[in-house]
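Structural description and commentary
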Amino acid sequence: MAGMRPTGGLHLGHLLGVLTQFANYCDTADAFFEIADLHAYTTEFHDPAKIRDARNEMVAVWLAAGVDPQKATIYLQSAVPEISELHVILSMITPISWLERVPTYKGQIEALGQEIATYGFLGYPLLQLCDVAIVRGEFVPVGRDQAAHLEFGREVVRRFNHLYGDGEQILIEPQPTYSDFPEVPGTDGRKMSKSYGNAILIEDDEETTTKKVRSMVTDPQKIRRGDPGRPEVCPLFYLWRFVNPLRLEAVAEGCRSGALGCVQDKTDFAEQLNAYLRPVRERYRAFRDDPAEVERIIEDGTARVRDVASKMLAQVKHAMRLT
Ligand code: SF4
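Residues numbered from 1 in each chain as written. Predicted model: local features only at pLDDT ≥ 70, side-chain atom pairs only at ≥ 80, totals over all residues. Heavy atoms only, no water.

This brings us to the nonpolar core. Counting 51 residues, the largest nonpolar core has L19, F22, F33 and W62 as its most contacted members. Inspection of this core shows a minimum of three residues originating in each of domain 1 (2–184 + 291–319) and domain 2 (204–284). Residues within four places of W62 in sequence aside, it is in contact with M4, L10, L19, F22, F33, E34, I35, V67 and I74. Counting 42 residues, the second largest nonpolar core, distinct from the first, contains I83, Y124, A133 and M320. (Core = buried A, V, L, I, M, F, W, Y, C linked by side-chain atoms within 4.5 Å. Buried < 20%, exposed > 50% of the residue type's maximum accessible area, 1.4 Å probe, protein only. Domains from an automatic or database assignment. Contact = heavy atoms within 4.5 Å.)

Turning our eyes to something else, we now look at the domain arrangement of the protein chain. In terms of domain boundaries, the protein chain breaks down into domain 1 (2–184 + 291–319) and domain 2 (204–284). Computed over C-alpha atoms only, the centres of domain 1 and domain 2 are separated by 35 Å. When residues of domain 1 are sorted by the area they lose upon contact with domain 2, L12, L16 and A64 head the list and together hold 51% of the total. Counting the contacts that link domain 1 with domain 2 gives zero salt bridges. There are one residue pair in polar contact (both at pLDDT 80 or more) connecting domain 1 and domain 2. Among the elements that take part in the side of domain 1 that touches domain 2, helix α3 (residues 48–64) stands out by supplying four residues, more than any other. (Buried area = accessible area lost by both parts, 1.4 Å probe. Salt bridge = Lys/Arg side-chain N within 4 Å of Asp/Glu carboxyl O. Polar contact = N/O pair within 3.5 Å; in protein donor to acceptor, adjacent residues only side chain to side chain. Helix = DSSP H or I, 4+ residues; strand = E, 2+ residues; numbered from the N terminus.)

Let's shift gears to the pattern of salt bridges. Counted by the stated rule, this structure contains 20 salt bridges. Two residues, D219 and R230, come together in a salt bridge whose shortest N-O distance is 2.7 Å. Taken together, the residues D219 in the loop between α10 (206–214) and α11 (235–243) and R230 in the loop between α10 and α11 connect sequence positions eleven residues apart. Residue classification places R230 among the partly exposed residues on the basis of a relative accessible area of 27%. We note a salt bridge from K311 to D307, for which the minimum N-O separation is 3.6 Å. One end of the pair, K311, and the other, D307, are both in helix α14 (residues 291–319), four residues apart, so they sit about a helical turn from each other. Where salt bridges share partners, they join E151, R154, R158 and E173 into one cluster.

Pairing within the open sheet is parallel, and its three strands lie in the order β1-β2-β3. Where the open sheet ends on each side, the last strands, each with one partner, are β1 (2–4) and β3 (73–76). Ignoring which end each strand starts from, the neighbouring axes of this sheet average 25 degrees apart. In terms of strand pairing, strand β2 (residues 32–35) meets β3 through four bridges, oriented parallel. Within the sheet, the bridge partner assigned to F32 lies in β3 and is T73. (Pairing = 2+ DSSP bridges. Axes fitted to C-alpha atoms, helices over the stretch in contact; angles between N-to-C directions.)

What follows is the structure, given as structure tokens:
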């Protein structure tokens, strides 16, 4: 089970990292992919239209990246009320101190300000657990920065089973599958992120992509063609390995010897990158321009999840003598 917040602007970094893995899971697991729109409200609550618009766009990118809705279940978090009900139920046995000590809580408030310090934001990791528990998720691909969330969730599961399980494991302790997603650099060399304004977006056209590639930072010591460069410190060189690994050696050699200049390399790379993204962008536009089909896929998946979720919730309520 994995989820993603619909906050807009999926980019090359998403495609090379998490979405490639989503596509692989379609063939190797019984995969559930959640549009985490309630989670999006923790930071974007002032802009509901943005979340609404981003949701179909995000699914269009998933589908374009190879996520197969016949094999995986794509669903909308807010349309599965069982998740929210489980959240309320589990909040009764979750000590506040457990939530407060999740490292991202204080870190994010420091980074984003007191405005996001809501009740829902504090409970974010608990809602994440409910996302996973309601579909009996066994494995959750997480980046290492999210490991504490999952560990917190496992503690809550153990507490629940201890209190109400009567020797049975009613809730499953989800296991992390650590994914060393490649950290894809943006045009300024920092991690690619829409909020840094350094991202090459899936929705960009080829001209915009070429302009962005031309503006990329490279080895600062290589000023003009003829200067020997250091590919190992160049963000553009790092991206070559994904876009056309067969060219890596020749680019490195040309850069080091000075025979290849950054202007030429950027021109070559922009061409290759556009060719690499072209089929994904074509599929993305086809799905974006067919919102009825995207809605149908989400509705289908949501109905399938509700079937699983209602059984899980009934078990939880029965164990707690609520029914
Ligand atoms: S020649 Fe290419 S690899 Fe070398 S610094 Fe310039 S852009 Fe980077």
